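# Inside the fold
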Amino acid sequence: MSMDEAGLIQAAQQGDLTAFNRLVLAYQDLVYNQAYRMMGETEAADDATQDAFISAYKHIRSYRGGSFKSWLLRIVTNACYDELRRRKRRPTQPLEPLDPENNEEMESARWMVDPGESPEEALERVELDRALQHCLDGLPDDFRTIVVLVDIQGMDYTEAAEVIKTPLGTVKSRLARARLRMRDCLQGVWELLPTAFRLVEERDL
Amino acid sequence: MISNISPGDWESLSAYVDYRLSESEHTLLEGRLQAEPELQRALEEIRRIKAVAWYATRRRAPHNYTLSPRQVKARAASPLYPAFRLASVLASVLFAMVLVGDFLTGVTSGVPILARMAPPQTAEIQVMEMAMEAAAPAPLEAEAEPAEQQADALSMAAPSPSPTESPVEESPPSPFLGESADVAANQAAPYPLPTQSVALEAMEEYGVGGGPAAKAAVTETPTPTVTPKPTPSATPEPVEEPLRAAPAAPEQQQDQPPAQAVADAQAEVADRALFTIPYVNRWVIWGLEGLLLALAGMALIAALLTRRLR
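Quantities reported herein were computed from a predicted structural model and do not represent experimental measurements.

Reading the values: the criteria
Residues numbered from 1 in each chain as written. Chains lettered and ligands numbered in written order. Predicted model: local features only at pLDDT ≥ 70, side-chain atom pairs only at ≥ 80, totals over all residues. Heavy atoms only, no water. Core = buried A, V, L, I, M, F, W, Y, C linked by side-chain atoms within 4.5 Å. Buried < 20%, exposed > 50% of the residue type's maximum accessible area, 1.4 Å probe, protein only. Helix = DSSP H or I, 4+ residues; strand = E, 2+ residues; numbered from the N terminus. Contact = heavy atoms within 4.5 Å. Axes fitted to C-alpha atoms, helices over the stretch in contact; angles between N-to-C directions. Parallel < 35°, antiparallel > 145°, perpendicular 65-115°, else oblique. Left-handed = near helix turned anticlockwise from the far one by under 90°. Nonpolar A, V, L, I, M, F, W, Y, C, P; charged D, E, K, R; others polar. Buried area = accessible area lost by both parts, 1.4 Å probe. Polar contact = N/O pair within 3.5 Å; in protein donor to acceptor, adjacent residues only side chain to side chain. pLDDT = per-residue confidence, 0-100. Lys, Arg positive; Asp, Glu negative; His and termini not counted. Salt bridge = Lys/Arg side-chain N within 4 Å of Asp/Glu carboxyl O. Patch = residues over 30% accessible without salt bridge, like charges linked within 9 Å, V, L, I, M, F, W, Y side chains within 5 Å. Areas by Shrake-Rupley, 256 points an atom, 1.4 Å probe, with all protein chains shown as cover. Disulfide = S-S within 2.5 Å. Phe/Tyr/Trp six-rings, centres within 6.5 Å; stacked < 30°, edge-to-face > 60°. Lys NZ or Arg CZ within 6 Å of the ring centre and 35° of its normal.

### Description of the nonpolar core
Ranked by internal contacts, the top residues of the largest apolar core, which has 71 residues, are Ile146 and Leu186 of chain A. Looking at which element gives the most residues to this core, the answer is helix 2 (residues 17-39) of chain A, with 13 residues. Once you skip the residues sitting within four places of it in the chain, Ile146 of chain A turns out to touch Asp151, Ala160, Ile164, Val171, Arg174, Leu175 and Ala178 of chain A. Counting residues in hydrophobic clusters, the runner-up holds 14 residues, among them Trp10, Leu13, Tyr16 and Ala42 of chain B.

This is the structure in structure tokens:
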């Protein structure tokens, strides 16, 4: 934690909203990505992120040091768990965004395209992203959380254990089982990966 | 082609990819990887999974999530919510208690539910008073007709065993009120004057209560239906004073029809049941209602305040 971040946290704990908002700007992409991968929808991720930051400001006095990033991710992960539990009680059908051309729901994920990419790259990335999210959605909540934290957010086992308040050995075994399920689900999408990520077998061939 | 390795090996490979194996485990696994192609294929699968996750789109937040002072202010008022919620819950509970209390006591509805629920004690009092009513006018009037009317009224009002004839006759008592009333009507004139002690004896003989409340009701309630005329067989000691204290009562009782007297007796019993037990609880209920009103007002203020803050 940098001294600047520590100072901002201390100021926020004393009620400085500007200091807290600077922390928000620094972590909002991370928190939003966690929420999106957990929820699988932009609208739900938006709500969960907003709720997480409000909750963080409300409880920032309870922050007692350690990784502020882990603390924030724990808050947003819990917010996602709450929402997922609520959805299991009252399941709903999510809506795709409307196509501006014909005003109909967009079945493909091309609305996620980054305009800076070439059309081919963008298409591959979108398809890969969809496949990844599809497989993540099929995982149990606990498995999904650990995959997102370690493989997508890039946290190490210790940080992930801190976020989900779980022993290190549980993180290790849960991640291995989650990856096993992901492997079975991701069959057939390997060719969408860029060449640098292709299989050893294919490179050997 | 999917690798087929044991879960333990898969977990070791998963940790190996993330550099979470110890030195010895790491060395051992690398040795096996050189010798076992299946294990190497599984390792590549795990790496691909990580690659897909890493290569997936990193999303940017669609907008800034900075908090405004208005949001913070609205949230700052939230500590009041628990108190208001508690007030609402308490109001609901007290409201339910008041409803139940009303139902049990019948205070606010004006219906003497307790009296109508007819506890055994009240029934005994009625029977005893009716017995006294039935027996009292007999020596005064010395006519069978009023006794018959009274017996009819009694049979309609309370079909319970009547002890009227037991003090004077040695024969076993009839459990039917109409039958005893007929006997009383037929043999009214020569009978000795019945008193409250006679009625108590009758109750004991019939086994209808004899509880302290019933006896108290008999001894405390002066019956103006007898005259101070001496009788050979009655036992006037316990009732002599109350009877002399109300000298004008016999004329009034003679003017009243027996059915009306029975109805008055029943009303008195009902009033006694209404104004003894419920009055104890009435203050409690009033207190609960006051508390309920205060809590409801607090909840209303909370609702208005919350609406304004939001």
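After that view of the structure, there is still more to cover.
### A closer look at the packing of helix 2 of chain A against helix 6 (residues 141-152) of chain A
All names here are of chain A. Close contact between helix 2 and helix 6 brings their axes to 10 Å; oriented N to C, the two are set at 140°. Taken together, the axis directions place helix 2 and helix 6 in an arrangement best described as oblique. In the packing of helix 2 onto helix 6, the handedness of the crossing is right-handed. Across from Gln34, Arg37 and Met38 in helix 2, the residues of helix 6 making contact are Arg144, Thr145, Val148, Leu149 and Ile152. Across the contact of helix 2 with helix 6, the residue classes tally to four nonpolar, two polar and two charged.

### Brief notes about the interface of chain B and chain A
Taken together, the contact pairs 39 residues of chain B with 48 residues of chain A. When chain B packs against chain A, the two sides together hide about 4,500 Å² of surface, and 61% of this comes from carbon and sulfur. The largest contributions to the chain B side of the interface with chain A come from Tyr55, Arg59 and Tyr65 of chain B, which together make up 20% of the buried area. At the junction of chain B and chain A, the tally comes to 14 residue pairs in polar contact (both at pLDDT 80 or more). Sorting the residues of the side of chain B that touches chain A by element identifies helix 1 (7-17), helix 3 (37-55) and helix 4 (69-76) of chain B as the ones contributing at least two each. In terms of residues, the side of chain B that touches chain A owes the most to one element, helix 3 of chain B, which gives twelve residues. Each residue belonging to the side of chain B that touches chain A can be placed in one class, and the counts come to 18 nonpolar, nine polar and twelve charged.

### Overview of the confidence of the model for chain B
All names here are of chain B. Overall, the predicted model of chain B reaches an average pLDDT of 64, with 42% of residues at or above 70. Ignoring residues within four places in sequence, the model shows residues 109-114, a span with pLDDT below 50, making 13 contacts including any to other chains. This stretch, residues 138-144, has a pLDDT under 50; its non-local contacts, to residues over four places away or in other chains, come to 14 contacts. Interface predicted TM-score (ipTM) for the complex: 0.78; the corresponding pTM is 0.51.

### Structural notes on the side chain of Arg74 of chain A
Residues and elements named next belong to chain A. Along the chain, the position of Arg74 falls in helix 4 (residues 68-89). Despite being buried, Arg74 has no salt bridge partner; Glu162 is the closest side chain of opposite charge, sitting 5.1 Å away. Residues in contact with Arg74, not counting those within four places in the same chain, are Glu162, Val163 and Lys165.

### Comments concerning a nonpolar patch on the surface
Residue and element names in this part refer to chain B. Together, Val89, Val93 and Met97 make up a nonpolar patch on the protein surface, roughly 260 Å² of accessible area in all. When you line up the elements, Val93 lands in helix 5 (residues 80-105). In this structure Val93 comes out as partly exposed when scored by relative accessible area, which is 43%.

### Regarding the state of the cysteines
All names here are of chain A. Scanning the model with the defined rule gives one disulfide over all chains in all. Between Cys135 and Cys185 runs a disulfide, and the two sulfur atoms are separated by 2.0 Å. Here the disulfide of Cys135 and Cys185 is left-handed, its torsion about the S-S bond being about -85°. Here Cys135 is found in helix 5 (residues 119-137), whereas its partner Cys185 is found in helix 8 (residues 168-185), with 50 residues between them in sequence.

### Examining the packing of aromatic side chains
Here a ring pair, both rings aromatic, is described through the centre-centre distance and the interplanar angle of the planes. Scanning the model with the defined rule gives six aromatic pairs over all chains in all. Joined through ring pairs, the aromatic side chains of Tyr27, Tyr63, Phe68 and Trp71 of chain A make up one cluster. A cation over a ring is seen here: Arg59 of chain B above Tyr36 of chain A, with NZ or CZ 3.8 Å from the ring centre.

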